[in-house]
Number of protein chains: 8
Amino acid sequence: MDMEYLRKLLQDVKNGSISVEGALGDLKKLPFEDLGFAKVDHHRNIRNGYPEVIYSEGKTVEQVQEIVKKLIERNNNIMATRADYKIYEGIKEIINDTVYYEKARIAVVKKREVLKSKKIVAVVSAGTSDIPVAEEAAITCDVMGNTVERVYDVGVAGIHRLFAKSETIMKANVLIVVAGMEGALASVVSGLVDKPVIAVPTSVGYGASFGGLSALLTMLNSCATGIGVVNIDNGFGAGCLASMINRE
Amino acid sequence: MDMEYLRKLLQDVKNGSISVEGALGDLKKLPFEDLGFAKVDHHRNIRNGYPEVIYSEGKTVEQVQEIVKKLIERNNNIMATRADYKIYEGIKEIINDTVYYEKARIAVVKKREVLKSKKIVAVVSAGTSDIPVAEEAAITCDVMGNTVERVYDVGVAGIHRLFAKSETIMKANVLIVVAGMEGALASVVSGLVDKPVIAVPTSVGYGASFGGLSALLTMLNSCATGIGVVNIDNGFGAGCLASMINRE
Amino acid sequence: MDMEYLRKLLQDVKNGSISVEGALGDLKKLPFEDLGFAKVDHHRNIRNGYPEVIYSEGKTVEQVQEIVKKLIERNNNIMATRADYKIYEGIKEIINDTVYYEKARIAVVKKREVLKSKKIVAVVSAGTSDIPVAEEAAITCDVMGNTVERVYDVGVAGIHRLFAKSETIMKANVLIVVAGMEGALASVVSGLVDKPVIAVPTSVGYGASFGGLSALLTMLNSCATGIGVVNIDNGFGAGCLASMINRE
Amino acid sequence: MDMEYLRKLLQDVKNGSISVEGALGDLKKLPFEDLGFAKVDHHRNIRNGYPEVIYSEGKTVEQVQEIVKKLIERNNNIMATRADYKIYEGIKEIINDTVYYEKARIAVVKKREVLKSKKIVAVVSAGTSDIPVAEEAAITCDVMGNTVERVYDVGVAGIHRLFAKSETIMKANVLIVVAGMEGALASVVSGLVDKPVIAVPTSVGYGASFGGLSALLTMLNSCATGIGVVNIDNGFGAGCLASMINRE
Amino acid sequence: MDMEYLRKLLQDVKNGSISVEGALGDLKKLPFEDLGFAKVDHHRNIRNGYPEVIYSEGKTVEQVQEIVKKLIERNNNIMATRADYKIYEGIKEIINDTVYYEKARIAVVKKREVLKSKKIVAVVSAGTSDIPVAEEAAITCDVMGNTVERVYDVGVAGIHRLFAKSETIMKANVLIVVAGMEGALASVVSGLVDKPVIAVPTSVGYGASFGGLSALLTMLNSCATGIGVVNIDNGFGAGCLASMINRE
Amino acid sequence: MDMEYLRKLLQDVKNGSISVEGALGDLKKLPFEDLGFAKVDHHRNIRNGYPEVIYSEGKTVEQVQEIVKKLIERNNNIMATRADYKIYEGIKEIINDTVYYEKARIAVVKKREVLKSKKIVAVVSAGTSDIPVAEEAAITCDVMGNTVERVYDVGVAGIHRLFAKSETIMKANVLIVVAGMEGALASVVSGLVDKPVIAVPTSVGYGASFGGLSALLTMLNSCATGIGVVNIDNGFGAGCLASMINRE
Amino acid sequence: MDMEYLRKLLQDVKNGSISVEGALGDLKKLPFEDLGFAKVDHHRNIRNGYPEVIYSEGKTVEQVQEIVKKLIERNNNIMATRADYKIYEGIKEIINDTVYYEKARIAVVKKREVLKSKKIVAVVSAGTSDIPVAEEAAITCDVMGNTVERVYDVGVAGIHRLFAKSETIMKANVLIVVAGMEGALASVVSGLVDKPVIAVPTSVGYGASFGGLSALLTMLNSCATGIGVVNIDNGFGAGCLASMINRE
Amino acid sequence: MDMEYLRKLLQDVKNGSISVEGALGDLKKLPFEDLGFAKVDHHRNIRNGYPEVIYSEGKTVEQVQEIVKKLIERNNNIMATRADYKIYEGIKEIINDTVYYEKARIAVVKKREVLKSKKIVAVVSAGTSDIPVAEEAAITCDVMGNTVERVYDVGVAGIHRLFAKSETIMKANVLIVVAGMEGALASVVSGLVDKPVIAVPTSVGYGASFGGLSALLTMLNSCATGIGVVNIDNGFGAGCLASMINRE
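Residues numbered from 1 in each chain as written. Chains lettered and ligands numbered in written order. Predicted model: local features only at pLDDT ≥ 70, side-chain atom pairs only at ≥ 80, totals over all residues. Heavy atoms only, no water.

In this complex, chain E contributes 33 residues to the contact, which on the side of chain F involves 32 residues. The tally of links between chain E and chain F comes to two salt bridges. In this structure, the salt-bridge partner of Asp 194 of chain F is Arg 247 of chain E, at a minimum N-O distance of 3.5 Å. Viewed at the interface, chain F and chain E are joined by five residue pairs in polar contact (both at pLDDT 80 or more). Contributions of two or more residues to the side of chain E that touches chain F are made by α3 (36-48), α8 (166-171), α9 (185-192), α10 (213-220), β9 (227-229) and α11 (235-246) of chain E. Residue composition of the side of chain E that touches chain F, by class: 18 nonpolar, ten polar and five charged. (Contact = heavy atoms within 4.5 Å. Salt bridge = Lys/Arg side-chain N within 4 Å of Asp/Glu carboxyl O. Polar contact = N/O pair within 3.5 Å; in protein donor to acceptor, adjacent residues only side chain to side chain. Helix = DSSP H or I, 4+ residues; strand = E, 2+ residues; numbered from the N terminus. Nonpolar A, V, L, I, M, F, W, Y, C, P; charged D, E, K, R; others polar.)

Structure representation (structure tokens):
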């Protein structure tokens, strides 16, 4: 409930400028979104410096531009995910200082500074082909104010490469593990650390990887504890969850 | 690497009581588990007051008893999950002050006090049949030192019941959402809060729920951000992940 | 919002027995379920003479009895679905004039008369093994105040049997078609009539019926228009939907 | 049976201009479709002002044109679904006053006025990408003579947006809920209203949405009562079913 | 249409004992099942000496007995499939000379002799565990009047055993191939002969046989031509199809 | 075994121009394909006038041409399935009197006349989009010497259209039923006739048709007896099986 | 071809006691299994000291006894897999010195000594519940004459336990890796060694392990090279394959 | 552990140029990959003359070139799999004597000679469309130093063609069987030989082959013993495994 509106209404009741029945009618018509409960949604981005997010896949450059124009009025940071170069150029036309992260397929418009947390999110990934998803997670974390460390190309079939990075892994506060094909990396990493692991299966692979199903099932069935799984290729979702965990 | 062992070895090298080649041979034979890297695993339970865990399903009372006897020497707390009454009685025979949480199917042996965090884990569940999994999560959180608040029976088909509990939901630091059938509760809850949500699909349902697949897919596909999913019916895993996030 | 409560509050504001700020605080604490919006749920059963429903599967006789004791206070009709004979006896212990529909596995406690609609719901089913699900749908419709006509044993492999019942089928206002195995009956029936058809796949079958998946897919893919599908074996859900459509 | 034909035949028998055996022969040759039973199909469109429908997907412009030419003789309204702009132009070549609904991918030829029902069909949809399917449903309802209200962009992850539209939702006679990804919207909407809900899963999503399977399963498993599900992306089917329910 | 009824009606029209309009009304009410078209179903069993069939699975002894009592009036042969020993005993109580084929789980009541075709149906099966399904097919063929030759235990992993039976295989007119697990036998057999092969996948196997899915897919994907596949474990269906092909 | 070769060998043994051991060695080296058992394969095409078949999908025009050149030496008829226009032109370059069946995507080279059977194969299909598969079956039957009758566009949702063709259906000796989406047509047709039905699921459809899986499962689960199912879209396979059944 | 038989035949031809045509007839009737080609099968067990194998699952004690009686005549070793204690007792009744391996569910009758290879097969397994399958593999290897080393309880979530056994793993010639749930162990092990790895997924797990599907897909998708996968729970098959690789 | 480094360190301890505590610190920082345990990986290629492998799919020519430039420094052989002609040309630009195997889609850079094993790997394949996968396996084996024999076009539906090649099959030490569609060839081949069989399902097929799933399941369910399965289309993996088995 919009406090000011309500206070005004009650004062009107008090001073008789509206009848009790009239006020009742007004209260009944109050749209739900004006209840304090839901307000959180509107303000939390601003409080936390979080960006507004546009999922660009399947949208035309024009559609994205239209959304950007609306969002920009709120003066928040904006992040367009799954954005190809044309989407980036389209946004840049509107706001010149847009930054494009090509590997992550993310375009970012920075309108205000986000406080950087010193707690580290480590983004660990298995193969070269998993990097776009890993980068989507990493850039998301970065834009949301986290310190990010990347540990790439450390698949379980050459596990010494992972162990060579143990120091980085051990000092992270949250870990995002990105892996396609057999997806076993999440279990191994989670077995090494004492911190929450967010597992991102990727659609990388062929044949019986069934578009990421194999990695997804592996991650869900991990016997390591402390793993939460997000959708296949959902680097952005992993970045958000990591940010929430990493906050303050 | 066991520091004392290594220090002794190096001192032996220094004072000549072992040759360089002999020391080299000894170093080469050092089993991996003695490296400092992996030590974490052995000591983290103790540091954090975490329990040792026995997954009882598919084990006989005798097998569980045998494991309990071994674990008890380390003087840690012990938690047997998926434990029916007979498993509980079996453990009780060995250690009298075992506590049984029937709904959660968990038996707990408490050897040392765990520091209670004041940060709240809210366990939210949809239907009555989801309660065993929700309780598994709740008791796991409790044994691992979290303050737990339960918000049960708040399925999305009667969403006002969920909103009636908004205060509890809003003050939680981490939320575990347990739901079978359509599993939509995780999305709705995650849309209301600004905190990490751990979603636990349950195998509750029939027909096209396909043993929890329906709820699992729903949760993985949530358009709300900040959701990590664990395996179907894995209340324990959700509890562990919540504890890790909630710690310190 | 409970009108009486609100009216009283506003009058208190008006006559100064509560301050504007005090009223604001009270309004803020109003639980969501007291908002008029959600009230529908509490009263619609009574308005429509609809029963309270208990899904008995997986519940003990004691649990069902406990629920019945609570529900009976509201003086509504009660319907326990998926109820075996023991569940029925358990309810009967509490309320003597409970009626048991064995084939439908439904026990009904009738506390008030439901107005009977003259519009017909036809329940059409394919094989003998589909009858429990068909009866669940039929009794649900009956208890909810519909006139029900049963057209059983009219599978598509002997389609003349279906056509022999064309008169009954043609005069129905809503049709529930229950079929397992190939589930083709829904398409054929829907092609004959000009009315909404609710299709219920059943888990009847073996091998490549995959627990009802075959019938479910068939029904979803029907090239006939005007078919809505419910979950496998969900006779109750079909009955509810038919009742909603058939009402007034 | 064509009554006029039959009456003539019987009169011929009566006045002896055909023998009994000759009439028997004629009757035997009567094609099935001339039996009164099946006539419904031929005349119901006209009675109800329903359009003839062409499913354009996979058809060439030429094929659609050919069908349109045939249908136009019956002087009915014509509706081409899944029609891209070229299909529309192809139809327009034949009948100039064809209207194209781009978002809905529907082209409509209106030859006669359809009586508008005052009962409302509300079309509720979750995300922007679900709009083509929602529009297919909405335009179908519109063409079939329903009053349509659109409630778009009200996904469950920001549930206050849905509640802000509660008034529209509450006054609908039938609701079509269109949602991809987790598909949870149908349950939430159905829990708020007392009216039939037609749920349309969409193929919107990626990864574990498996082309709409996730949303489909969610909708089938809804614990809300009063939901009938149609095929993935089948906005047209939902519109037809809603029209049937909404009629008279 | 019952010719006698129609002739009478037309004569009544002719001689004026019924008006044209009265006759029209009568014609309109003619139930579909009285059309000559559907009559086939009622008489074909008798014409061909085919048995009436009861699918016993999921039926109580009492239910089967009740059906037998009804069927016996038509004086046809009766065959109860998926019949355990108790079902057999139940039938025997009613008709003493019932024969039980234990391996095939079929009970047969023979009321009339069936003409034996000299054309051979060969029933070929892979493993010992496939024999119940193979026998169901074989006995079905036998009861329906075919000469049956059994070629059992000739799995593709020891293909010389199959070739040792080549003479029998080569002289068959139709072949039924029954195989679980990898189901490859159908392809091999079909590659050897020039006759129709009916492939029956069985649910024999474990792990990735997924209840017969593996064998089913193998058979559907056979690169040999001339194979028709029936449902998993559907020996009866294979027997029927073979009989139809083998007839006259 | 090539009789002439063997006879010669034995005569050589007899007249001493080869030793017993030498003959033994020769016999051992006899390739399997020279055994009489396998000869069937080489000669059956010629005996029956059957065509040699090339599956063109995934082959280049050059590859098909190369195969055609080889096959043509045997002077058999040749049939290229899944052949687009370019494939046809490629074959025509080599043999001028090649005929192209566009709808069936089949090119035929006729080198010798095939005896036409008078027994009818009816090819029944549901929707317009199923016609390519139906035509593949029909042309295959035709080329293999069967009399083919087409009954197209008779889906179960407008079942009177099927019944209008009952005469054609009733006189067929074998029926091929081609249907996508719900695939229910096979059951209905099989329930009307007393003849073998070959069911061909097609990949026509969208959403929950899952590329033909829906129709496939429907057909496998048919409660009508006498149905054999082939792979999705396998019109050629259905035609072969029908020809085998229909022969002599 | 039985050489003696053939030699005799040729000599008969040579000395005229059989005509060329008579010999031709005899040759034609030679059953396939008498050809040298297939003889391998009959003799290879004996040559290699391999056991005859009975798959006991789904067989009665009597059936197993009957098979044992037959096999024993060949004087080979016998191995009954998936044998419970009753099966063992049944075999023991016939041959007293039968040995039972309870964990492996294997009963062995040793009639002749098998030469022991010194090359090591290492059987590596993840969890306690995987041990029955691991033991089935280990005992199979043992009975087939391999030196077996067991490395149990070394799941990837506590990878230091695996590394502690690196010496054993490094010296194996073939490795069998048995793992359920996420099945990641095969990749890790294969990444460490330079030898063939046979991966055995187990059905151990719950929820999204889908009866072993998760582990199976993981293993098939491994990015480590040198892994061959067998069916879920197929310890016996893995043992056989390892033996073949390890031989000589 | 790098022995030289360690020896130096210990000598420094011995001669006092580093303190015990300083050496301890150095030891602790030793990266895992310097442990002797993992060294295997770095050296085994060189020892065995194995190539470095680049999986080209999804990589740009530039990316592959970059990798080639790095790898070439180690002076090993290089093999790029899934390489189209452009990838080949890109590599050739850098190293002129690159060889391209078109059917296998493999480009090879040979820097050193690999010792050729005389033990034969037979690559057996079913259909023409399986040849690219078969060639990938064959060339992989060849590059890794095996003698390869190809047995192509020997599908089970014309099994005499397979038997005609029995001599080649019987003399192989390892067999790779490549088959799509029904995938039955692996079972048949494995039943003929006494050697390890590596089964490679291919994605060749349509309809119910579900992208190779059918062949995969068939191979996993084979009742022949001695079969290890690799991922769908993974000819390279099969070649690697065969090489490992075939070595020395």
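Next comes the rest of the account.
Residues and elements named next belong to chain F. Viewed as axis vectors pointing N to C, helix α6 (residues 131-143) and helix α11 (residues 235-246) meet at an angle of 35 degrees, and their least axial separation amounts to 7 Å. Where α6 crosses over α11, the handedness of that crossing is right-handed. On the side of α6, the interface is formed by Val 133, Glu 136, Ala 137, Thr 140 and Cys 141, while α11 contributes Gly 235, Phe 236, Gly 239, Cys 240, Ala 242 and Ser 243. Residue composition of the contact of α6 with α11, by class: six nonpolar, four polar and one charged. (Axes fitted to C-alpha atoms, helices over the stretch in contact; angles between N-to-C directions. Left-handed = near helix turned anticlockwise from the far one by under 90°.)

With that settled, the discussion passes to helix α10 (residues 213-220) of chain C. Counted residue by residue, α10 of chain C has seven buried out of eight residues, so it is predominantly covered. Turning to α10 of chain C, its buried residues are Ser 214, Ala 215, Leu 216, Leu 217, Thr 218, Met 219 and Leu 220 of chain C. (Buried < 20%, exposed > 50% of the residue type's maximum accessible area, 1.4 Å probe, protein only.)

Attention shifts here to the pattern of salt bridges. One pass over the full model with this rule turns up 69 salt bridges over all chains. Where salt bridges share partners, they join Glu 57, Arg 82, Arg 105 and Glu 136 of chain A into one cluster.

Before going further, it helps to spend a moment on the sheet that holds strand β2 (residues 78-81) of chain D. Two modes of strand pairing occur in sheets, parallel and antiparallel, and in both the strands are linked by backbone hydrogen bonds. Residue and element names in this part refer to chain D. Taken together, four strands build an open sheet; the order of strands is β1-β2-β4-β3 and the sheet is mixed. In this open sheet, the two edge strands, each paired with only one partner strand, are β1 (52-55) and β3 (98-101). The average undirected angle you get between the axes of adjacent strands in this sheet is 20 degrees. The sheet contact formed by β1 and β2 spans four bridges and is parallel. Across the sheet, the residue bridging to Glu 52 is Ile 78, located in β2. (Pairing = 2+ DSSP bridges.)

This part is about the side chain of Asn 221 of chain H. With respect to the secondary-structure elements, Asn 221 of chain H resides in the loop between α10 (213-220) and β9 (227-229). For Asn 221 of chain H, a relative accessible area of 0% corresponds to the buried category. Of the polar contacts made by the side chain of Asn 221 of chain H, one reaches the backbone nitrogen of Ser 209 of chain E; its length is 3.1 Å. Among the polar contacts listed, one links the side chain of Asn 221 of chain H to the side chain of Ser 214 of chain E, at a separation of 3.0 Å. If we ignore the near neighbours within four places in the chain, the residues touching Asn 221 of chain H are Met 181, Glu 182, Tyr 206, Ala 208, Ser 209 and Ser 214 of chain E together with Asn 231 of chain G.

Once that is clear, we can look at the environment of Ser 190 of chain G. Residue and element names in this part refer to chain G. When you line up the elements, Ser 190 lands in helix α9 (residues 185-192). Looking at Ser 190, the relative accessible area reads 2%, which means it is buried. Distance in space between the C-alpha atoms of Ser 190 and Tyr 88 is 36 Å, their sequence separation being 102 residues.

Here we come to the packing of aromatic side chains. Per the counting criterion, the structure on display carries 32 aromatic pairs over all chains. Between Tyr 55 of chain F and Tyr 206 of chain H, the ring centres sit 6.1 Å apart and the planes meet at 20 degrees, which makes this aromatic pair stacked. Placement of the pair is Tyr 55 of chain F in strand β1 (residues 52-55) and Tyr 206 of chain H in the loop between β8 (197-201) and α10, with the two residues belonging to separate chains. Classification of Tyr 55 of chain F as partly exposed rests on a relative accessible area of 30%. Judged by its relative accessible area of 16%, Tyr 206 of chain H falls in the buried class. (Phe/Tyr/Trp six-rings, centres within 6.5 Å; stacked < 30°, edge-to-face > 60°.)

Moving on, we come to the relation of the copies chain E and chain F. Its rotation angle being 179 degrees, the transformation that places chain E on chain F also includes 0.2 Å of axial translation and leaves an RMSD of 0.5 Å. With respect to symmetry, the two chain copies, as superposed, fit the operation of a two-fold axis. Considering only C-alpha atoms, the residue of chain E closest to the rotation axis is Gly 228 of chain E, which sits at 2.0 Å. Most of the interface of chain E is mirrored in chain F, where 94% of its interface residues again form contacts. (Least-squares fit on C-alpha atoms with pLDDT ≥ 70 in both.)

On to the sheet that holds strand β4 (residues 106-109) of chain H, then. Residue and element names in this part refer to chain H. Strand order in the open sheet formed by four strands is β1-β2-β4-β3, and the pairing between neighbours is mixed. The sheet is open, and its two borders are formed by β1 (52-55) and β3 (98-101), each paired with just one other strand. Averaged over all adjacent pairs, the angle separating strand axes in this sheet is 20 degrees, with direction ignored. Across the sheet, helix α5 (residues 85-94) is in contact with β2 (78-81), β3 and β4; its angle to β3 comes to roughly 170 degrees. Those strands touched by helix α6 (residues 131-143) are β2, β3 and β4, and its axis lies near 10 degrees from that of β4.

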